[in-house]
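One letter stands for each residue in the lines below.
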Amino acid sequence: MKPDETEEFILLNQIVVTEEFLNSNPSVEKTQQVLNHVKRTGCLDEPITINRDSKILRDGYRRYIAAQKVGMELVPIIYEK
């Protein structure tokens, strides 16, 4: 099953996470909600947004973290407009 609006699936390790995201402190509660959804359904609730050319993460850091924690290799993505 794939989330609505998914353009394709890519390997999680291809996504480039900037220092801005790495140094942020996402809400533990909201991150846990995403993680619980992934554990319950086996998929992300929404695709991760990345830049088409650079593969830099633009939105969906919590989803990225959840996918990483459960060991997902392929993740749904959309490209920033």
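Data block above holds the structure.
Below or above, wherever it landed, is the structure these notes cover. All values derive from a computational prediction rather than experimental measurement.

## Regarding the environment of Ile78
Step number 1: Here Ile78 shows up in strand S4 (residues 74-79).
Step number 2: Here Ile78 falls in the buried class, since its relative accessible area comes to 16%.
Step number 3: Sequence separation between Ile78 and Asn23 is 55 residues; the distance between their C-alpha atoms is 23 Å.
Step number 4: With residues up to four places along the chain from it excluded, the contact list for Ile78 reads Glu5, Thr6, Glu7, Pro47, Ile48, Thr49 and Ile50.

## Brief notes about unusual backbone geometry
Most of the time, phi is negative for any residue but glycine, and the peptide bond is trans.
Step number 1: Of note in this structure, Glu5 is not a glycine but carries a positive phi near 75°.
Step number 2: On the secondary structure map, Glu5 appears in the segment before strand S1 (8-11).
Step number 3: Residue Glu5 is classed as exposed on the basis of its relative accessible area, which comes to 64%.
Step number 4: Although it is not a glycine, Lys55 sits at a positive phi angle of roughly 65°.
Step number 5: Within the fold, Lys55 resides in the loop between strand S2 (48-50) and strand S3 (57-59).
Step number 6: The exposure class assigned to Lys55 is partly exposed, which follows from its relative accessible area of 25%.

## Description of the nonpolar core
Step number 1: Membership of the largest hydrophobic core comes to 21 residues, with the highest contact counts inside it found for Ile15, Ile48, Val75 and Ile77.
Step number 2: Once you skip the residues sitting within four places of it in the chain, Ile77 turns out to touch Thr6, Glu7, Glu8, Ile10, Ile15, Pro47, Ile48 and Ile50.

## Topic: the environment of Asp53
Step number 1: Positionally, Asp53 belongs in the loop between S2 and S3.
Step number 2: Judged by relative accessible area, Asp53 falls into the exposed class, the value being 72%.
Step number 3: Taking the C-alpha atoms as reference points, Asp53 and Val16, 37 residues apart in sequence, are found 11 Å from one another.

## A closer look at the side chain of Thr6
Step number 1: Take Thr6: it is sitting in the segment before S1.
Step number 2: Looking at Thr6, its side chain comes within polar contact range of the main-chain oxygen of Pro3, at 2.6 Å.
Step number 3: When sequence neighbours within four positions are dropped, the list of residues in contact with Thr6 reads Pro47, Pro76, Ile77 and Ile78.

## A closer look at the packing of aromatic side chains
Step number 1: As enumerated under the stated definition, the model contains 2 aromatic pairs in all.
Step number 2: Arranged with centres 5.4 Å apart and planes meeting at 35°, the rings of Phe21 and Tyr61 form a pair that is tilted. With Phe21 in helix H1 (residues 19-22) and Tyr61 in helix H3 (residues 61-70), the pair connects residues that are 40 residues apart, well separated along the chain. One exposure class covers both Phe21 and Tyr61, and it is buried.

Rules used in this analysis
- Residues numbered from 1 in each chain as written.
- Predicted model: local features only at pLDDT ≥ 70, side-chain atom pairs only at ≥ 80, totals over all residues.
- Heavy atoms only, no water.
- Helix = DSSP H or I, 4+ residues; strand = E, 2+ residues; numbered from the N terminus.
- Buried < 20%, exposed > 50% of the residue type's maximum accessible area, 1.4 Å probe, protein only.
- Contact = heavy atoms within 4.5 Å.
- Core = buried A, V, L, I, M, F, W, Y, C linked by side-chain atoms within 4.5 Å.
- Polar contact = N/O pair within 3.5 Å; in protein donor to acceptor, adjacent residues only side chain to side chain.
- Phe/Tyr/Trp six-rings, centres within 6.5 Å; stacked < 30°, edge-to-face > 60°.

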